[in-house]
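An overview of the molecular structure
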Amino acid sequence: MFRFAVRSVRPVARLPVASRFVQPIRSYAVAPITKDEVIKRSFEALKTVAALQESEISLESSFQKDLALDSLDTVEALVALEEEFDLEIPDKISDEIKTVGEAVNYIFEEEQKL
Amino acid sequence: MSNILPFTEANTKRVSSLFRQALRTAFDHSMKWDVYRREQNKIRTLFDANSKIDDSKTLEKVIANTESKLAQWKHPDPYIPPCRPGGTKYQRNAFLPAEEKVSGDW
């Protein structure tokens, strides 16, 4: 009895064979990061540095001139960025980074390589 | 590396590099943020205590001290960011090469 009931429920019209093969879509675990997101996250990370908590950060501001950091504070700021984005900035490049914008650009380029 | 005078750019670079190394070593050893933050503050006070040295002989001595301490604390298995070269996730989903792998008409 039950078997007949089930059989009657089964849809009569079947889908055409071709449409059952769905075109494969490549999906990523994480969407590629945008520049705005890099900027937002790096500003948030920089705010955690003790010397930068009350300063106005913008992309053009220089760590040593505008934000009045000493060299060790700059290192701390860059290490905070490294922690936020989980990368290691080599010594040579860290020495050359003078402004927030340069750091953001470097991080954005590195994120594109992933 | 013996002729670097205090308060020059070369010295700044050297000390920054040491400071960065010290912070990374501290993280390698703790791997916990709260412990690491405390260590970070400690390292910063250690470096700040020697920030006023203007005698190059003392400076060399202090820097040699720092280097030996860093060598002593060097972690055997330092933290490598997973997605960067040497990390566990690095190039895990690498793209296939564009050229055909098996030549011939199949």
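This is a predicted model, so every value here is computed, not measured. (Residues numbered from 1 in each chain as written. Chains lettered and ligands numbered in written order. Predicted model: local features only at pLDDT ≥ 70, side-chain atom pairs only at ≥ 80, totals over all residues. Heavy atoms only, no water.)

Digging into the layout of surface pockets
Where empty space is left in the structure can be found by rolling a water-sized probe over the atoms. The line we're drawing: For each structure, a 1 Å grid was placed over the protein atoms alone; sets of points admitting a 1.4 Å probe that cannot get out are labelled cavities, open sets with protein on both sides within 12 Å along at least five of seven lines are labelled pockets, and lining residues have an atom within 4 Å of a point. Grid points are joined across faces, edges and corners, and a volume is the space filled by probe spheres set on the points. Helix and strand definitions follow DSSP, with helices as H or I runs of at least four residues and strands as E runs of at least two, each counted in order from the N terminus. Ten residues, namely Ala, Val, Leu, Ile, Met, Phe, Trp, Tyr, Cys and Pro, are considered nonpolar, four, namely Asp, Glu, Lys and Arg, are considered charged, and the remaining ones, Gly among them, are considered polar.
For the second largest pocket, the calculated volume is near 980 Å³. Lining the second largest pocket are 33 residues; nearest its centre among them are V15, I43, L46, F47 and T66 of chain B. Looking at the lining of the second largest pocket, the elements with two or more residues in it are α4 (71-85) of chain A together with α1 (9-30), α2 (33-49) and α3 (56-73) of chain B. At 10 residues, α1 of chain B tops the list of elements feeding residues into the lining of the second largest pocket. When the residues that make up the lining of the second largest pocket are grouped by side-chain class, the tally is 17 nonpolar, 11 polar and five charged.

Some points on the side chain of S30 of chain B
Residues and elements named next belong to chain B. Short version of the rule: Under the scheme applied here, a residue whose accessible area is under 20% of the maximum for its type counts as buried, over 50% as exposed, and between as partly exposed, the area being computed with a 1.4 Å probe on protein chains only. Any two residues having at least one pair of non-hydrogen atoms within 4.5 Å are treated as being in contact.
Mapping S30 onto the fold places it in helix α1. According to the relative accessible area criterion, S30 is buried, its value standing at 16%. For S30, the residues in contact, after removing those within four places along its chain, are V35 and Y36.

A look at the packing of aromatic side chains
Residue and element names in this part refer to chain B. The line we're drawing: Two aromatic rings, drawn from Phe, Tyr or Trp (for Trp, its six-membered ring), form a pair once their centres lie within 6.5 Å of each other, and the interplanar angle then sorts them: stacked below 30 degrees, edge-to-face above 60, tilted otherwise.
All chains considered together, the criterion is met by five aromatic pairs over all chains. An angle of 65° between the planes, with centres 5.1 Å apart, marks the rings of F19 and F47 as edge-to-face. Of this pair, F19 sits in helix α1 while F47 is found in helix α2, placing the two residues 28 residues apart along the sequence. Each member of the pair, F19 as well as F47, carries the same accessibility label: buried. By the ring-pair criterion, three or more aromatic residues cluster together here, those being F27, W33, Y36 and Y79.

Describing the pattern of salt bridges
All names here are of chain A. Our working definition: Throughout this description, the term salt bridge denotes a Lys or Arg side-chain nitrogen within 4 Å of a carboxyl oxygen of Asp or Glu.
A full pass over the atoms with the stated rule returns 13 salt bridges over all chains. Between R41 and E84 there is a salt bridge whose closest N-O contact spans 2.8 Å. With R41 in helix α3 (residues 35-47) and E84 in helix α4, this pair connects stretches of sequence that are 43 residues apart. Judged by relative accessible area, which is 25%, R41 ranks as partly exposed. When its relative accessible area of 31% is taken as the criterion, E84 is described as partly exposed.

Brief notes about the UniProt feature "domain: Complex 1 LYR protein" (unreviewed entry) in chain B
Going by this rule: UniProt positions are given in the numbering used here, feature names are shortened, and annotations may be inferred rather than shown by experiment.
UniProt feature "domain: Complex 1 LYR protein" (unreviewed entry): in the numbering of this structure it lies at residues 13-71 of chain B. Taken end to end, residues 13-71 of chain B comprises 86% helix and 0% strand; its first and last C-alpha atoms sit 19 Å apart.

A look at the interface of chain B and chain A
Our working rule: What gets called buried area is simply the loss in accessible area from a 1.4 Å probe that two parts show on being joined, summed for both. Two N or O atoms form a polar contact when they lie within 3.5 Å of each other; inside protein one atom must be a possible hydrogen donor and the other a possible acceptor, and for residues adjacent in sequence the pair counts only when both atoms belong to side chains.
Opposite the 22 residues of chain B that make contact, chain A presents 21 residues. Buried surface at the junction of chain B and chain A, summed over both partners, amounts to about 2,000 Å²; 48% is from carbon and sulfur atoms. On the chain B side of the interface with chain A, the three residues burying the most area are R20, R44 and R84 of chain B, jointly 35% of the side's total. The tally of links from chain B across to chain A stands at eight salt bridges. The shortest N-O distance in the salt bridge between R44 of chain B and D70 of chain A comes to 3.4 Å. In this structure, the connection of chain B to chain A is made through 12 residue pairs in polar contact (both at pLDDT 80 or more). Of all the secondary structure elements, the ones that give two or more residues to the side of chain B that touches chain A are α1 and α2 of chain B. When residues of the side of chain B that touches chain A are assigned to their parent elements, the largest contribution, nine residues, is made by α1 of chain B.

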